[in-house]
Amino acid sequence: MQTITVPEKLITNSIAENFKDVYTPHAAMPSPMVWGMHKKIIKVGIWLNIIAVALYVFKNPVKAFKATAKLSGLRDNLRDNHPIIKYARVNGKYYYTFNAPGWPSKAFNKFIANNLQKLEGSNAHHTLDTILFGITKKCGYQCEHCFEWEALNKPETLSRENLLSVIHLFQHAGIAQVQLSGGEPLNRFDDIIYILKKIKPGTEVWLYTSGYHFTEERAALLKQHCLTGITVSLDHWIPELHDAFRGKKNAFEWAQKAVAHAKAQGLVVCLSLCATKGFISVTNLGQYAELAKSWGVSFIQLLEPRAVGHYADKDVYLNKEQISLLENFYTEYNFNAAYNEYPSIVYHGFYSRRLGCGGAGNHYVYIDTDGDVHNCPFCQRKLFSALHGSVQENLRLMAQGSCSVYTNSSPKI
Ligand code: SF4
């Protein structure tokens, strides 16, 4: 790996001063977060909406009430009984996580109906919330942790019609959200626009991107075709270290520009961090959060490294102390009012250790660049092809067993 010289002032000076000079050439962006009375009023609206959906689904007040109470209990367990104290408000919609559609919307109602039915065991078909779909093998980056490493830059096997037909099949199975990834999905920009034009209503579409070539014009076109948001991979708050992790000069600058263009268009923005052993420290997590706040993003996603793809056979799993630091970070920045203006933290490891894996057809699946379905991006086992057979039957079979058991250390696959 390339040797990096970290400018001394980045380590020794105060965070705020460094940000002003190095990371925010323009004024810090306003926070999209809402809290206090504003949040309380919205919470009432959301729960009234959930009750209305429950009554519509069950046509029976007792059943509707029971299912709503169960949903509320499940959400509380997911957060270790911490109440949500803030939402992100973007373009007139409210988001408590980037894995659920914004409220109010058709996609939100579908998401709630699916989950209520699942809790009551009353839906005739197996449903999912989200698919993460790798739509291209092309990518000019060389990221340390890339899980699609073996497939990168091989010939494409899926036409744009294939991409759309897979998405339609999963829409039929009930998904409320599609996250398009890769490779770098922007390498198929025209096909993304094609998908956005042809997708059936009621499903939110997100892009999972490095930010490379996410220009002002592209941001405007994507917004015009109803893209909901982008998740930008950012793996360090120090530009040189992010570039080194991504194996690409100016990767940090591209990520920063992508966030600015997306925000200018009213897209929801999430930053995704692969929290490696070398990265995890109170200082790095704090500085990362400062950076995310100054860029005005809504969410930070924490991913734990796995020994797959480019990390295959490497000793990348986190130990108990590192996981504990991530959990403290998640809890502090989400549930302590002192951090109201900071983005919400989304940490799948936290949820999975309490309620089990959300992948494996429970809430989401990963579809690779050949159209093969996996439990999640990190489980490199092709379970079935989305192009053949009954998606719903395959999902039902898939949900009978997840790939890994979460313990107090990173899961071994
Ligand atoms: S992680 Fe994404 S951006 Fe990085 S090499 Fe893999 S596909 Fe490209």
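See above for the structure.
Let me begin by describing the structure that accompanies this report. If you're wondering where the values come from, they're calculated on a predicted model, not measured in any experiment. (Residues numbered from 1 in each chain as written. Predicted model: local features only at pLDDT ≥ 70, side-chain atom pairs only at ≥ 80, totals over all residues.)

Examining the overall build of the protein chain
Then step 1. A count of helical and extended segments in the protein chain gives 14 helices and 13 strands.
Then step 2. When each of the 413 residues of the protein chain is scored for burial, the buried share is 45%. (Helix = DSSP H or I, 4+ residues; strand = E, 2+ residues; numbered from the N terminus. Buried ≥ 20, exposed ≤ 12 C-beta atoms within 10 Å, placed from the backbone.)

Side note on the pairing of strand 8 (residues 268-274)
Then step 1. Of all 7 residues that make up strand 8, 6 are buried, and the element is covered over most of its length.
Then step 2. Of the strand pairs in this sheet, strand 7 (residues 229-233) and strand 8 are connected by 5 bridges, and their pairing is parallel. Considered in strand 8, the bridge of serine 233 is made with serine 272.
Then step 3. Crossover handedness for the path strand 8 to helix 11 (residues 282-294) to strand 9 (residues 299-303): right-handed. (Pairing = 2+ DSSP bridges. Right-handed = clockwise from strand over helix to strand, strands pointing away.)

Notes on the sheet that holds strand 13 (residues 384-385)
Whenever strands of a sheet pair, they do so through backbone hydrogen bonds, lying parallel or antiparallel.
Then step 1. Read from one edge to the other, the open sheet built from 10 strands follows the order 10-9-8-7-6-5-4-11-12-13, with strand pairing classed as mixed. Where the open sheet ends on each side, the last strands, each with one partner, are strand 10 (344-347) and strand 13.
Then step 2. As paired elements, strand 4 (residues 130-134) and strand 5 (residues 177-181) share 5 bridges and run parallel to each other. In the sheet register, isoleucine 131 faces strand 5, and the bridge partner there is valine 178.
Then step 3. In the packing of helix 10 (residues 251-264) onto the sheet, the strands contacted are strand 6 (204-209), strand 7 and strand 8, and the crossing angle to strand 7 comes to about 165 degrees. (Contact = placed C-beta atoms within 7 Å. Axes fitted to C-alpha atoms, helices over the stretch in contact; angles between N-to-C directions.)

Section: the site of the ligand
Then step 1. Near the ligand you find Cys139, Tyr141, Gln142, Cys143, Cys146, Glu148, Gly182, Gly183, Glu184 and Ser210, and these make up its full shell.
Then step 2. Its residues assigned to classes, the shell around the ligand shows 4 nonpolar, 4 polar and 2 charged. (Near = placed C-beta within 6 Å. Nonpolar A, V, L, I, M, F, W, Y, C, P; charged D, E, K, R; others polar.)

As for the environment of leucine 152
Then step 1. Within the element layout of this structure, leucine 152 appears in the loop between strand 4 and helix 6 (160-172).
Then step 2. A C-alpha to C-alpha distance of 9.6 Å links leucine 152 and glutamate 184, two positions 32 residues apart in sequence.
Then step 3. When near neighbours in sequence (up to four residues on either side) are disregarded, leucine 152 contacts Lys137, Cys139, Cys146 and Gly183.

Considering the nonpolar core
Then step 1. Ranked by size, the top nonpolar core spans 112 residues in total, and within it Ile131, Val269, Leu273 and Leu302 carry the most contacts.
Then step 2. No other element matches the 7 residues that helix 10 contributes to this core.
Then step 3. Those residues in contact with valine 269 that sit more than four places away from it in its chain are Gly229, Ile230, Val232, Val259, Ala262, Lys263, Val297 and Ser298. (Core = buried A, V, L, I, M, F, W, Y, C linked by C-beta atoms within 7 Å.)

What to know about unusual backbone geometry
Then step 1. Here the amide bond leading from tryptophan 103 into proline 104 is cis, since omega sits at 0 degrees, within 30 degrees of zero.
Then step 2. Assignment of secondary structure puts proline 104 in the loop between strand 3 (93-95) and helix 5 (106-120).
Then step 3. A positive phi is found at lysine 59, a non-glycine position, where the angle reads about 50 degrees.
Then step 4. Along the polypeptide, lysine 59 turns up in the loop between helix 3 (36-58) and helix 4 (61-78).
Then step 5. We classify lysine 59 as exposed; it has 9 C-beta atoms within 10 Å.

Here we look at the sheet that holds strand 3
Then step 1. Read from one edge to the other, the open sheet built from 3 strands follows the order 1-2-3, with strand pairing classed as antiparallel. Of all strands in the sheet, those with a lone pairing partner are strand 1 (33-35) and strand 3, marking the two edges. Neighbouring strand axes in the sheet, compared pairwise and without regard to direction, differ in orientation by 40 degrees on average.
Then step 2. The pairing of strand 2 (residues 86-90) with strand 3 spans 3 bridges and is antiparallel. Its bridge partner lying in strand 3, alanine 88 is registered against tyrosine 95.
Then step 3. Against the sheet, helix 3 contacts strand 1, strand 2 and strand 3, and its axis sits at roughly 85 degrees relative to strand 1.

Some thoughts on helix 14 (residues 391-398)
Then step 1. Within the sequence span of helix 14, burial applies to Val391, Asn394, Leu395 and Met398. The buried residues of helix 14 occupy an angular sector of 100 degrees when the element is viewed end-on, so they sit on one face.
Then step 2. Buried residues along helix 14 sit in contact with helix 6 and strand 13. (Arc of directions from axis to C-beta.)

Overview of the pairing of strand 7
Then step 1. Burial analysis of strand 7 places 5 of its 5 residues in the buried class, which makes it a mostly covered element.
Then step 2. Every second residue of strand 7 is oriented toward a common face, with Gly229, Thr231 and Ser233 on one face and Ile230 and Val232 on the other, all of them buried.
Then step 3. Summarising the sheet, strand 6 and strand 7 pair through 4 bridges and their orientation is parallel. Bridge pairing links threonine 209 to valine 232 in strand 7.

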